[in-house]
Amino acid sequence: MTQPFDHVVIGAGHNGLVCATLLAKAGRRVLVLEARDTVGGMATTREFAPGFRVSACAHLLYALPEGLARELAAHGLEFAATDLATYALNPDGAPLVFQQGTVVGVDERDARAYAQLRTQMARFARVLARVLGMEPFRVTLKSWRERIAAGTLALSIRLLGKRQMREFLRIVGMNAYDLLTENFESALLKGALAFDATQGAEHGARSPGSVLTLLYRVAGLAGAGRLGTAQPRGGMGAVSAALAARARKAGVEIRTGSPVARITVVDDRAVGVLLASGEEISARSVISNADPKATFLKLLGPGYLDTDFVRRIDHFRAKGAVAKVHLALEGLPAFRGVPAAALGARLLVSPSMDYLEGAFNPSKYRELPEHPVLEITVPTQADPGLAPAGKTVLSINVMFVPYDLKIEARAAREQLGARVEAVLEDYAPGIGALVSAREVLLPGDLEREFGAAGGHWHHGALAFDQFFFTRPVPGAAGYTTPVAGLHLCGAGSHPGGGVMGTPGRNAARKILKEGSPHAR
Ligand SMILES: Cc1cc2nc3c(=O)[nH]c(=O)nc-3n(C[C@H](O)[C@H](O)[C@H](O)COP(=O)(O)OP(=O)(O)OC[C@H]3O[C@@H](n4cnc5c(N)ncnc54)[C@H](O)[C@@H]3O)c2cc1C
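As a convention, each chain's residues are numbered from 1 in the sequence order in which they are written. In keeping with the model being predicted, local features are shown solely for residues with a pLDDT of at least 70 and side-chain atom pairs are shown and tallied solely at 80 or more, while totals for entire chains, interfaces and linings include all residues. Each side-chain value is worked out from all heavy atoms of the structure, with water and hydrogens disregarded.

Draft legend 1. Main features of the pattern of salt bridges. The working definition used for a salt bridge is a side-chain nitrogen of Lys or Arg within 4 Å of a carboxyl oxygen of Asp or Glu. Taken as a whole and judged by the stated rule, the model has 30 salt bridges. One salt bridge connects Glu167 with Arg170, and the closest N-O pair in it is separated by 2.8 Å. Linking Glu167 with Arg170, this pair stays in helix 5 (residues 162-171), spanning three residues, or about one helical turn. Glu167 sits in the partly exposed class, given a relative accessible area of 21%. Burial status follows relative accessibility: with a 1.4 Å probe on protein chains alone, a residue under 20% of its type maximum counts as buried, one over 50% as exposed, and anything between as partly exposed. Among the residues examined, Arg170 registers a relative accessible area of 37% and is labelled partly exposed. Residues joined in a network through salt bridges with shared partners are Arg36, Arg46, Glu439 and Glu449. Here a helix means four or more residues in a row that DSSP labels H or I, a strand means two or more in a row labelled E, and each is numbered from the N terminus.

And the structure:
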């Protein structure tokens, strides 16, 4: 047994690093154990073809709090681009351009309706941002602290005013399809907004909860402030590298290449971990950045949990629905209607809600979309160092790719890659001839490589029944678990995924409020 630490954090994903840093800054001795050879988990950069590097999962920041970004600048984080515009690509002509709160390319009526909806969503997102930033309270509101938190939240909804409060309660449970149909005419505009209402999720625009996903994104962007949608220089791994440098500066010890095999429990309390190498490490508490299924079912083991809890974790929905496609190009593609100078923007292929639903439907039957919905970035535009001189990288999030595909993975990679390239050809004629290498990462590949259950963007579906005081499941919400001394700090806990560090920050705050681990 080594000298005990106050806390052992399982996983150096960005949330594990945020959590560890805050604890170390409060004087705790913290060890982070990472299975992979690099830190960052799904916020990482890697080479996918000789000389071509890319953000392997997350490729754009939408929700990194501005204050944290400023702190990370002191640890080497730079941005290649901030406040990126979104181009909603149009198969038949000019794209729509979203920038600085306006949309260009729609008629006056839609432009006005967009401004109105945006103002309203921003107002509602402020309420949601409050929810995202708080530690979930128990529905029983047993402590004064919980009652105050619930009261403050209720007040912030009430302060919207009667009309807006009613509207908030009306739309929050609606589906995006109906909301967008109520407001807009332009199919392209509705398609682009429906993308934001389904990003990272396994639901379509007509599914309940899609307005929540839209609000989640708007709330995240509000927290990002002037950064807006941003591209870190060096890819997403640069964010994790800066977080790791900040953690080490605060006194955190980080060990990579150290997979944890088991959480050690003595007298119903987590007291350390057993590494796959056989090394045992003791700690006064264990914090898991691994996803909830892995934490409870693999690392802890069902033997320490009651059957009802095991059933709930077993049913926690965590089948990823986003694949990643990386293309190495010999030159610069020309997207129809996108000036070369704007190629570094966020490019969407979601030309209508029907198109989006058409891509979503096959996923229900474990099939690949014929015409996929895409979020494309060309990271080499603002950060040429990611590829050899004069060459280009395309990084593409492909929505609605089911985890449990009917067909075998090798064939699925081939089929999906070809379909993505075929769609790209419609928007950037001639692009196929530029492709020198292609990588397709299915949700199953992401699970294998990054360890997150189902390769899921949020470590588990972000939906009303898996949100706030029921995230991941009742009995493990609010970063505590049924086992004393074991906490969660990753995307599977409140408020969910995206590179923002909020679950890690909230978890650290909760642990610090619980008092010194020495006292127990
Ligand atoms: C395809 C895809 C695209 C995405 N695009 C975006 C995007 O553009 N923008 C955005 O903001 N978000 C995006 N996301 C979401 C974002 O990447 C994640 O929500 C976020 O990175 C999760 O961070 P985390 O720290 O909670 O968990 P993770 O990043 O999953 O980190 C968990 C860490 O724990 C480690 N670990 C697990 N088990 C063990 C063990 N037994 N022992 C030791 N270590 C262990 C893992 O190796 C990993 O490093 C995307 C996700 C996917 C899948």
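Here the narrative resumes, following the displayed structure.
Draft legend 2. Quick look at the domain arrangement of the chain. Domain limits in this description derive from either an automatic procedure or a database domain assignment. As far as domains go, the chain holds domain 1 (5-46 + 61-79 + 234-317 + 452-519), domain 2 (108-185 + 197-225) and domain 3 (322-400 + 406-441). When checking whether two residues touch, look at their non-hydrogen atoms; a contact exists if any pair is within 4.5 Å. Each side of the interface is counted separately: domain 1 has five residues, and domain 3 has eight residues. Buried area between domain 1 and domain 3, summed over both chains or domains, comes out near 460 Å², and the portion from carbon and sulfur atoms is 46%. We define buried area as the total accessible area lost by two parts upon association, computed with a 1.4 Å probe and summed across both. The largest share of the area that domain 1 buries against domain 3 comes from Arg46, Tyr62 and Trp457, three residues that together contribute 72% of it. Here domain 1 and domain 3 share one salt bridge between them.

Draft legend 3. How the structure looks around the layout of surface pockets. Using a grid of 1 Å spacing that covers the protein atoms alone, one calls a set of points a cavity when a 1.4 Å probe fits there but cannot get out, and a pocket when the set is open and has protein on both sides within 12 Å along at least five of seven lines; lining residues are those with an atom within 4 Å of a point. Grid points are joined across faces, edges and corners, and a volume is the space filled by probe spheres set on the points. In this structure, the second largest pocket occupies an estimated 680 Å³ of space. What lines the second largest pocket is a set of 28 residues, and nearest its centre among them are Gly101, Tyr114, Arg118, Arg217 and Leu221. For the lining of the second largest pocket, the class distribution of residues is 15 nonpolar, seven polar and six charged. Here the term charged refers only to Asp, Glu, Lys and Arg, the term nonpolar to Ala, Val, Leu, Ile, Met, Phe, Trp, Tyr, Cys and Pro, and the term polar to all other amino acids, Gly among them.

Draft legend 4. Main features of the environment of Phe184. Among the structural elements, Phe184 can be located in the loop between helix 6 (176-183) and helix 7 (187-196). When its relative accessible area of 2% is taken as the criterion, Phe184 is described as buried.

Draft legend 5. Highlighting empty space enclosed by the protein. As enumerated under the stated definition, the model contains one cavity of 30 Å³ or more in all. Considering the residues around the largest cavity, the lining is formed by Val54, Ser55, His59, Gln231, Pro232, Gly235, Met236, Thr377, Pro379, Leu386 and Ser395. Among the secondary structure elements, those contributing two or more residues to the lining of the largest cavity are strand 4 (52-55) and strand 9 (231-232). For the lining of the largest cavity, the class distribution of residues is five nonpolar, six polar and no charged.

Draft legend 6. Expanded view of the packing of helix 2 (residues 66-73) against helix 9 (residues 237-249). Between the N-to-C directions of two axes lies an angle of 0 to 180 degrees, each axis being a line fitted to C-alpha atoms and, for a helix, fitted only over the stretch in contact. Interaxial distance between helix 2 and helix 9 falls to 9 Å at its minimum, and their mutual angle equals 75 degrees. If you check the angle between helix 2 and helix 9, you find them roughly perpendicular. Mapping the contact onto sequence places Leu68, Glu71 and Leu72 in helix 2 and Val239, Ala242, Leu243 and Arg246 in helix 9. Of the residues in the contact of helix 2 with helix 9, the class split is five nonpolar, no polar and two charged. Relative orientations are named as follows: roughly parallel for angles under 35 degrees, roughly antiparallel for angles over 145 degrees, roughly perpendicular for angles from 65 to 115 degrees, and oblique for any other angle.

Draft legend 7. Focus on the site of the ligand. Surveying the vicinity of the ligand reveals 36 residues, the closest of which are Asn15, Glu34, Leu60, Trp457 and His459. Polar contacts, as used here, are pairs of N or O atoms within 3.5 Å; protein pairs need one atom able to donate a hydrogen and one able to accept it. Residues neighboring in sequence count only if both atoms are side-chain atoms. Between Val260 and the ligand, the recorded distance is 2.9 Å, taken from a backbone N or O atom to a nitrogen atom. Residue Asn289 places a side-chain N or O atom 3.3 Å away from an oxygen atom belonging to the ligand. Out of a free accessible area of 1000 Å², the ligand has 96% covered by protein chains. Of all the secondary structure elements, the ones that give two or more residues to the shell around the ligand are helix 1 (14-25) and helix 14 (443-450). Class assignment of the residues belonging to the shell around the ligand gives a composition of 19 nonpolar, 15 polar and two charged. Proximity is defined per residue: any heavy atom of the residue falling within 4 Å of a molecule or strand makes that residue near it. Only the protein chains shown count as covering a residue, and every accessible area follows the Shrake-Rupley method with a 1.4 Å probe.

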